[in-house]
Amino acid sequence: MSLNSKIPAGSIQEKWTTYKSTCKLVNPANKRKIEIIVVGTGLAGASAAASLGELGYKVKAFCFQDSPRRAHSIAAQGGINAAKNYQNDGDSVYRLFYDTIKGGDYRAREANVYRLAEVSSNIIDQCVAQGVPFAREYGGLLSNRSFGGTQVQRTFYAAGQTGQQLLIGAYQSLERQVALGNVEMYARHEMQELVTIDGKARGIIAKNLVTGALERHSAHAVLICSGGYGNVFYLSTNAMGSNVTAAWKAHKSGAYFGNPCFTQIHPTCIPVSGDHQSKLTLMSESLRNDGRIWVPKKQGDTRNPNDIPEEGRDYYLERRYPAFGNLVPRDVASRAAKERCDAGYGVGASKMAVYLDFKYNIMHKYGKAEATKQGIAHPDNATLYALGKEVIKAQYGNLFEMYEKITGENPYEVPMRIYPAVHYTMGGLWVDYELMTTIPGLYALGEANFSDHGANRLGASALMQGLADGYFVIPYTIGNYLADEIGTGAIATDHAAFVQAEQNVQSRMEKILNIKGAETVESFHKRLGKIMWDKCGMARNEKGLKEAIAEIQQLKKEFWSNVRVPGAINEFNTELDKAGRVADFIELGELMCVDALNRNESCGGHFREEFQTEEGEALRQDDQYSYVATWEYKGDSEFELHKEDLNYEIVHPSQRSYK
Amino acid sequence: MEHYTMNLTLKVWRQKNNNEKGSFETYQVKGISSEMSFLEMIDVLNEQLIVEGKEPIAFDHDCREGICGMCSMHIDGRAHGPWAQTTTCQLHMRQYKDGDTIVIEPWRAAAFPVIKDLAVDRSSFDRIIQAGGYVSINTGNAQDANSLPIEKQKADDSFAAAACIGCGACVAACPNASAMLFVSAKVSHLALLPQGAPERKERALNMIAQMDKEGFGSCTNIGACEAECPKGISLDNIARLNREYIGAMFAGDK
């Protein structure tokens, strides 16, 4: 199959407008006869389900958590970008588009990204209208802050809980549609298989996680909004339940997977404290607005950080990247931290951490400003500190508290210790301009698709993309497909394809339970995570990737012969659910390594050690790899590469520079 | 900070499903690090149970960073355990010392039936939101965000109420199993904003009616909900809800 990205003709500014004016429509009476399944209720899923319900489609939404409000979008901290230019600092749709393409290291599709920037303003309007309590200035208008990879202030936020407030807004809209009868909600349900009939997506097999019963649900279109696959690394900032199963099952049913190796390692996370660790916690990128990152100039310096004088500190981001300083993109900041730690300058017990220090801004930025406001002429240091601390507290209080609960240290007094951790996956199901995968009628939205962030996502852009896809893109593009489905009628769930799909799920679960081996699911997951982090993590090379592929294949064999899962199918069995997810992660992990091995270049979050500049920056090979690597599942450990060439008509790829 | 390891005795509520009776089981866990989170300690116990051929303890959890609201353990008689303004997943083992005994139960409330062990069904909260916890605006109808200035103090107060994570600790802590703090947080979040004004009266009436229908108890001003709320939702919200409700009841134009 050849890949058709269906990018509309015309200038980049006109593409989306032209598309919206010319795509097919479904009239209100026909919408009521059409069913849509939405898998996942994070920002993308909840906003899509609510918006499609409002339009009059019959929607069924699924989430594995006990309520749609728990989806992991809720944990996003820092903010959401929009090209409002409320700050009068030179922002525009074009700038947001340009920053996103450049930030993604020229591996994203221009037309999609331009559309994303175009609808970004509508998202803020919509969320405010829903009652999302964004931060405001004293004049009553919305406040903005800066995020990495940009030189304007375009990030809207609600303290350190922006994702929570946006998700609750979408969740409330979703629950309103549930109350109106337009959406049926299936919480504690997990998609186990995609059902296709005559090549079209026609439904799913879902497992009721409380009773263990398998259910057949049919629809005229299926939307995968199940988030990213960072948990393939075991340790990540994802929620414990975040998984790739829905997307992976779609892939195995024929949907191509785009750029699986593009993983975002976030520079500011709380470091690993020991083998018991079950997950990692992010400290928002917004902290880099006010925190300065440094390590001691002396290797192995074990002094208390507060005892190290200014001249003994290496503010390495400010040193290496004076133009962007602490606000370089995430991939650049992460690699710089790794470089310092690998060179022996790391801090803390593990020596795998750097400092994020707020004292300078507490004293000199906020303390001084507050003193001036309050008319204190010659404030002493203690006064400056006390005044500045209150400002920092108002902006990041919840993050500082979270840090203290986890580490037992007070970050107002002692600099935070941070280290990069897996946070987001830019790769995902390949989609065209309409967000449709290679299976007709199957769509992927939000983090589950590959589309907008190239090889590196900029901060505060995930929330933007999830909501753009759900509120403002899919309501238009899905009609273009469903207009041809108005005569299809209800799809019977006793079709052979449903019977077969359900049988496959049933036998797989039985197989897992019957192994009765010696090793727990958790143990397999940890082993997979170690392989992935060591060999397909922040730095990758040919030798390591080849080893990783062999090791993962071996791990898969062991899993299917030695895993131990207690309990039965027809009950609430969280171990069995976890086993299914880990089995899928193992298969995905192999594909990620295959993809990373194929891409003989460094770009964004994908850093192949063989391809770097003299200064250690990522070295792209545009003549050979300016394409989306799109993989077709051909059978166990067999993947076929298809390429979607990326044509840059507007932004001409160059070596990214943040110096 | 000094790190240490400890051995603990755990008394955990086990219940196969909603139809069967539950009881406490006692377990020993060894070598728990003071750096672990409480749920990582439960992970250790579960791994141990699986290896012994027993069923692991079912419990709800997801984000493990205190924001999703899914974790829900009653620890030594307190919702989310002994730390103030902390969810179970953010409670860390440095709270405990070698030899301690810890009692772990599910949320207990008629409107939160037990599903298995420590996991309960909180879908009643979703139904309360369905009764009116939203602004009725369809996608695409919005005006420019800055055309609606909102007094900073009001916006901040609204945000403080909107910080509720819907975990249900307020219900679990309340001797009456009342959901007033949860309902009042949502009513306050929207009542404090101009966007919430058009539906303000109906919202208060309908959400309270649904709360009663779900079988939550009445509020008798005990204040345990506020004390145990991991997000510090204030009792002031309940006062506001009462004002909203009474105002709506007697309003002629509702």
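Please read all numbers here as calculations on a predicted model, not as lab measurements. (Residues numbered from 1 in each chain as written. Chains lettered and ligands numbered in written order. Predicted model: local features only at pLDDT ≥ 70, side-chain atom pairs only at ≥ 80, totals over all residues. Heavy atoms only, no water.)

A look at the overall build of chain A
Right, on to step 1. In terms of helices and strands, chain A carries 17 helices and 21 strands.
Right, on to step 2. Relative to its 659 residues, chain A shows a buried fraction of 68%.
Right, on to step 3. Contacts spanning at least 24 positions in sequence make up 74% of the contacts within chain A whose residues lie at least 6 apart.
Right, on to step 4. Accessible surface, chain A as shown: approximately 21,200 Å² in total, 48% of it carbon and sulfur.
Right, on to step 5. One finds the centroid of the 73 positive side-chain charges in chain A at a distance of 2 Å from the centroid of its 77 negative side-chain charges. (Helix = DSSP H or I, 4+ residues; strand = E, 2+ residues; numbered from the N terminus. Buried < 20%, exposed > 50% of the residue type's maximum accessible area, 1.4 Å probe, protein only. Contact = heavy atoms within 4.5 Å. Areas by Shrake-Rupley, 256 points an atom, 1.4 Å probe, with all protein chains shown as cover. Lys, Arg positive; Asp, Glu negative; His and termini not counted. Charge placed at Lys NZ, Arg CZ, Asp CG, Glu CD.)

Some points on the environment of A:H652
Right, on to step 1. Here A:H652 shows up in the segment after β21 (638-645).
Right, on to step 2. Linking A:H652 and A:G300, residues 352 residues apart in sequence, is a C-alpha distance of 43 Å.

Quick word on empty space enclosed by the protein
Any empty space left between atoms is shown by rolling a water-sized probe over those atoms.
All names here are of chain A.
Right, on to step 1. By the definition in use, this model includes twelve cavities of 30 Å³ or more.
Right, on to step 2. Roughly 820 Å³ of volume is contained in the largest cavity.
Right, on to step 3. Taken together, 49 residues make up the lining of the largest cavity; nearest its centre are H72, S73, G227, G228 and E447.
Right, on to step 4. Contributing elements (two or more residues each) for the lining of the largest cavity: α3 (43-55), β6 (189-197), β15 (416-425) and α12 (462-482). (1 Å grid on protein atoms, 1.4 Å probe; cavity = no way out; pocket = protein on both sides within 12 Å on 5 of 7 lines; lining within 4 Å. Points joined across faces, edges and corners; volume = space filled by probe spheres on them.)

Quick word on the interface of chain A and chain B
Right, on to step 1. At the interface, 74 residues of chain A touch 75 residues of chain B.
Right, on to step 2. A combined buried area of about 6,200 Å² lies between chain A and chain B, and 52% of that area is made up of carbon and sulfur atoms.
Right, on to step 3. The interface formed by chain A and chain B includes five salt bridges.
Right, on to step 4. The residue A:K279 makes a salt bridge to B:E65 at a minimum N-O spacing of 2.5 Å.
Right, on to step 5. Of all the secondary structure elements, the ones that give two or more residues to the side of chain A that touches chain B are α3, α5 (110-130), α6 (162-179), α11 (381-407), α12 and α14 (521-536) of chain A.
Right, on to step 6. For the side of chain A that touches chain B, the element with the most residues is α6(A), which contributes ten residues.
Right, on to step 7. Here the side of chain A that touches chain B is built from residues that sort into 28 nonpolar, 28 polar and 18 charged. (Buried area = accessible area lost by both parts, 1.4 Å probe. Salt bridge = Lys/Arg side-chain N within 4 Å of Asp/Glu carboxyl O. Nonpolar A, V, L, I, M, F, W, Y, C, P; charged D, E, K, R; others polar.)

As for the side chain of A:N361
Right, on to step 1. Looking at the secondary structure, you find A:N361 in helix α10 (residues 359-373).
Right, on to step 2. Excluding anything up to four places from it in sequence, A:N361 contacts A:N289, A:D290, A:Y366 and A:G367.

A few points about the sheet that holds strand β7 (residues 200-208) of chain A
Residue and element names in this part refer to chain A.
Right, on to step 1. If you trace the three strands from one edge of the open sheet to the other, you get β6-β7-β8, paired in antiparallel fashion. In this open sheet, the two strands that pair with only one neighbour each are β6 and β8 (214-218). Taking each pair of neighbouring strands and ignoring which way they run, the sheet shows an average axis angle of 25°.
Right, on to step 2. Here β7 runs beside β8; their pairing, made up of five bridges, is antiparallel. Each bridged residue has a counterpart across the sheet, and for I205 the counterpart in β8 is R216. (Pairing = 2+ DSSP bridges. Axes fitted to C-alpha atoms, helices over the stretch in contact; angles between N-to-C directions.)

Quick notes on the nonpolar core
General note: in soluble globular proteins, nonpolar side chains tend to be found buried as a group.
Right, on to step 1. Formed by 240 residues in total, the largest nonpolar core has its most connected members in A:I80, A:F134, A:L223, A:Y443 and A:I478.
Right, on to step 2. Setting aside residues no more than four positions away along its own chain, A:F134 makes contact with A:I80, A:I124, A:C127, A:V128, A:L142, A:F156, A:Y157, A:A158, A:T162 and A:L166.
Right, on to step 3. Formed by 28 residues, the second largest nonpolar core is a distinct cluster that contains B:F38, B:W83, B:L91 and B:L118. (Core = buried A, V, L, I, M, F, W, Y, C linked by side-chain atoms within 4.5 Å.)

Some details on the pattern of salt bridges
Residue and element names in this part refer to chain B.
Right, on to step 1. Enumeration according to the criterion identifies 70 salt bridges over all chains in this entry.
Right, on to step 2. The residue D43 makes a salt bridge to R64 at a minimum N-O spacing of 2.8 Å. Of the two residues, D43 sits in helix α1 (residues 38-51) while R64 sits in the loop between α1 and β3 (73-75), which places them 21 residues apart along the sequence.
Right, on to step 3. For R64, a relative accessible area of 5% puts it in the buried group.

A word on the domain arrangement of chain B
Residue and element names in this part refer to chain B.
Right, on to step 1. As assigned here, chain B comprises domain 1 (5-116) and domain 2 (123-141 + 149-250).
Right, on to step 2. Between the C-alpha centres of domain 1 and domain 2 there is a distance of 28 Å.
Right, on to step 3. Contacts between domain 1 and domain 2 engage 17 residues on the former and 18 residues on the latter.
Right, on to step 4. Contact between domain 1 and domain 2 buries roughly 1,300 Å² in total, counting both sides, with carbon and sulfur atoms accounting for 59%.
Right, on to step 5. Scanning the region where domain 1 abuts domain 2 turns up one salt bridge.
Right, on to step 6. Here R78 and E228 are joined by a salt bridge, their closest N and O atoms 3.1 Å apart.
Right, on to step 7. Applying the counting rule to domain 1 against domain 2 returns four residue pairs in polar contact (both at pLDDT 80 or more). (Domains from an automatic or database assignment. Polar contact = N/O pair within 3.5 Å; in protein donor to acceptor, adjacent residues only side chain to side chain.)

Let's talk about the domain arrangement of chain A
Residue and element names in this part refer to chain A.
Right, on to step 1. As far as domains go, chain A holds domain 1 (42-262 + 426-485), domain 2 (267-422) and domain 3 (496-630).
Right, on to step 2. Spacing between the C-alpha centres of domain 1 and domain 3 amounts to 23 Å.
Right, on to step 3. Taken together, both faces of the contact between domain 1 and domain 3 bury some 4,200 Å²; the carbon and sulfur share is 62%.
Right, on to step 4. Applying the counting criterion to the domain 1 and domain 3 interface returns eight salt bridges.
Right, on to step 5. Across the salt bridge formed by R107 and D622, the nearest N and O atoms sit 2.8 Å from each other.
Right, on to step 6. For the pair domain 1 and domain 3, the interface holds 21 residue pairs in polar contact (both at pLDDT 80 or more).
Right, on to step 7. Contributions of two or more residues to the side of domain 1 that touches domain 3 are made by β6, β7, β8, α7 (245-252) and β10 (257-258).
Right, on to step 8. Taken together, the residues that form the side of domain 1 that touches domain 3 break down as 24 nonpolar, 16 polar and ten charged.

Focus on unusual backbone geometry
Right, on to step 1. The backbone phi angle of A:L435 is positive, close to 70°, even though this residue is not glycine.
Right, on to step 2. Here A:L435 lies in the loop between β16 (428-429) and β17 (442-444).
Right, on to step 3. Its identity is not glycine, yet B:Q85 carries a phi of approximately 45°, on the positive side.
Right, on to step 4. Locating B:Q85 in the fold gives a position in the loop between β4 (78-79) and β5 (101-106).

Describing the sheet that holds strand β14 (residues 354-357) of chain A
All names here are of chain A.
Right, on to step 1. Pairing in this open sheet of five strands is antiparallel, and the strands run β11-β15-β14-β12-β13 from one edge to the other. Every interior strand has two partners, whereas the edge strands, β11 (263-269) and β13 (313-314), have only one.
Right, on to step 2. Relative to β15, β14 runs antiparallel, the two sharing three bridges. Bridging from a neighbouring strand, L356 pairs with M416 of β15.

Some details on the packing of aromatic side chains
Right, on to step 1. Enumeration over the complete set of coordinates arrives at 33 aromatic pairs over all chains.
Right, on to step 2. A ring pair is formed by A:Y633 and A:F639, whose centres lie 5.9 Å apart and whose planes are at 65°; its orientation type is edge-to-face.
Right, on to step 3. Under the relative-accessibility criterion, A:F639 is labelled buried at 16%.
Right, on to step 4. On the basis of an interplanar angle of 5° and a centroid distance of 3.7 Å, the ring pair of B:F125 and B:F182 is categorised as stacked. Remark: B:F182 occurs in helix α5 (residues 180-191) and B:F125 occurs in helix α2 (residues 123-130); sequence separation between them is 57 residues.
Right, on to step 5. Residue B:F125 is classed as buried on the basis of its relative accessible area, which comes to 3%.
Right, on to step 6. Geometry around A:Y360 places A:R292 over its ring, the cationic atom sitting 4.8 Å from the centre. (Phe/Tyr/Trp six-rings, centres within 6.5 Å; stacked < 30°, edge-to-face > 60°. Lys NZ or Arg CZ within 6 Å of the ring centre and 35° of its normal.)

Thoughts on the pairing of β15(A)
Residue and element names in this part refer to chain A.
Right, on to step 1. Among the ten residues of β15, ten are classified as buried, and the element is accordingly described as predominantly covered.
Right, on to step 2. Here five bridges tie β11 to β15, and the two strands are oriented antiparallel to one another. Across the sheet, the residue bridging to H266 is A421, located in β15.

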